[in-house]
Amino acid sequence: MQKIFLIILICGRQKSSKELHGTTSNFIFLASLKMHLNKISLFNYKNFSEASFDFDIKINCFVGKNGIGKTNVLDAIYHLAYGKSYFNPLAVQNIKHGEEFFVIDAELEKNDRTEQIVCSLKKGQKKILKRNGKAYDKFSDHIGFIPLVIISPADRDLIVEGSETRRKFMDSVISQLDSTYLHQLIQYQKVIVQRNALLKYFALNHTFDNDTLSIYNEQLNEYGKSIFEKRKDFLEQFIPIFNIHHQAITGSEETVQLVYESHLFEKDLLTLLQENINKDRALHYTSSGIHKDDLSFEIDSHPIKKFGSQGQQKSFLIALKLAQFEFLKKQSGVKPILLFDDIFDKLDETRVAKIVEMVNSETFGQLFISDTHPERTEAIVKSTHQTYKIFNL
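Overall, the coordinates contain 25 aromatic pairs when judged by the stated rule. Ring centres of Phe169 and Phe238 lie 6.1 Å apart, and the angle between their planes is 70°; this geometry places the pair in the edge-to-face category. Taken together, the residues span a long stretch of sequence, with Phe169 in helix H4 (residues 163-175) and Phe238 in helix H6 (residues 210-250) at a distance of 69 residues. According to the relative accessible area criterion, Phe169 is buried, its value standing at 6%. Following the ring pairs from residue to residue traces out a cluster consisting of Phe48, Phe53, Phe55, Phe62, Phe368 and Phe391.

This is the structure:
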């Protein structure tokens, strides 16, 4: 798989809003819009039988001992934005032990309009997501309505886990801004499943039908080409933002890279599928395509997983998530909700000071913080000179 470093030269005149609307590969810059979560109620969600919280429009802190449910409240907020848990992808396992259902009910203020978002699940049934009493036919229609970024110790999976985790990161950012991209991604995955099933059928029945396979190849090529181009466009805009944040956090002492790796830098997908047909028949699955793309995290041109210290990895991940926040804010015109899950326990004073500086500069909108040390949390939020609430769980 070929590696391509994306280097951006920003020059010339700024594009008009009309020009940006005229192409699906560009995102749209909007004026700043207001958004904040007013309140949330939880019923049988994880360790909560019933709980309600009324939020400050700026900073909200959940403090208490480990295992008390601080992260679960943050995960419920994440659930409202993405229709799923950040920490547990098996939906039924988010139901409180011994119960049959969960409900997350929240009130959101966006663009001077009050919105009600409800997410619920009953065992044996499909999850339901409603906005103002009307259920979504497809969860994908809701993605992007609540821009949100979470920074958590669990983000280390982006470094230590396989390529799928990093693809999901890319896809989640792009999908919040581009519903067409999300639709293409869903369709591509469906065709991959169908093509793989056909390859297995061929193997089990000792047969082969190239005409039928060609239909799937054409569909994959159509969706894959568009997804590939949009991932490239995204990274061309995202990488400079990431570099700025990383330099601010580390004082420009380290050289890091985000490197996009894709088979499609070498050849178009249709050619790859045709050339790898014998390999695919032997493996019983599709071995090339954008579902094999990766985003390599590197320090001094070496994998940060192997050559980066814990501190360097931590700086890399925080810069990555702050870049995600900045990118979503610029493109959507809304300051995303930002969830800080137990990160003050993992940060040194320099990184904490950087975050406080960003809060005071009005970089962030509404913040939700979890921490095990009430005194430390209150000292940090007081130093921001912003309004706040502390919830002792």
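Next comes the rest of the account.
Strand pairing in a sheet relies on backbone hydrogen bonds, with the paired strands running either antiparallel or parallel. Spatial strand order, E9-E13-E14-E4-E15: five strands in an open sheet with parallel pairing. Unpaired on one side and paired on the other, strand E9 (148-151) and strand E15 (388-392) mark the two borders of the sheet. Within the sheet, the average angular offset between the axes of one strand and its neighbour, ignoring direction, is 15°. Judged from the five bridges that link them, strand E4 (residues 59-63) and E15 form a sheet pairing that is parallel. Counted as the bridge partner of Val63 is Asn392 from E15.

For the rest of this paragraph, the subject is the pairing of strand E3 (residues 48-54). For strand E2 (residues 35-45) and E3, the ladder comprises six bridges, and the chain directions are antiparallel. Bridging across to E3, Leu42 finds its partner in Ala51.

This part covers the side chain of Thr377. Topologically, Thr377 is positioned in helix H12 (residues 374-382). Within the structure, Thr377 has its side chain in polar contact with the backbone oxygen of His373 (distance 3.0 Å). Leaving out residues up to four positions away in the same chain, Thr377 has contacts with Cys61, Val63 and Asp371.

Quick look at H4 now. With 13 residues, H4 should reach 18 Å at 1.5 Å per residue; the first-to-last C-alpha distance of 18 Å fits that figure. Turning to H4, its buried residues are Arg166, Arg167, Phe169, Met170, Asp171, Val173, Ile174 and Ser175. Of the surrounding elements, those touching the buried residues of H4 are helix H3 (157-160), helix H5 (179-205), H6, strand E10 (256-262), strand E11 (294-299) and helix H10 (310-332).

All told, the structure shown has 15 salt bridges when counted by the stated rule. Between Asp75 and Lys46 there is a salt bridge, with its nearest N and O atoms 2.3 Å apart. Of the two residues, Asp75 is situated in helix H2 (residues 70-82) and Lys46 in the loop between E2 and E3; the sequence distance between them amounts to 29 residues. Neither residue differs from the other here; Asp75 and Lys46 are each classed as buried. A salt bridge links Arg113 to Glu115, with the nearest nitrogen and oxygen atoms 3.5 Å apart. A cluster of three or more residues bridged by salt bridges with shared partners is formed by Arg113, Glu115 and Arg131.

Each value, and the rule that gives it
Residues numbered from 1 in each chain as written. Predicted model: local features only at pLDDT ≥ 70, side-chain atom pairs only at ≥ 80, totals over all residues. Heavy atoms only, no water. Phe/Tyr/Trp six-rings, centres within 6.5 Å; stacked < 30°, edge-to-face > 60°. Helix = DSSP H or I, 4+ residues; strand = E, 2+ residues; numbered from the N terminus. Buried < 20%, exposed > 50% of the residue type's maximum accessible area, 1.4 Å probe, protein only. Pairing = 2+ DSSP bridges. Axes fitted to C-alpha atoms, helices over the stretch in contact; angles between N-to-C directions. Polar contact = N/O pair within 3.5 Å; in protein donor to acceptor, adjacent residues only side chain to side chain. Contact = heavy atoms within 4.5 Å. Expected span 1.5 Å × (residues − 1). Salt bridge = Lys/Arg side-chain N within 4 Å of Asp/Glu carboxyl O.

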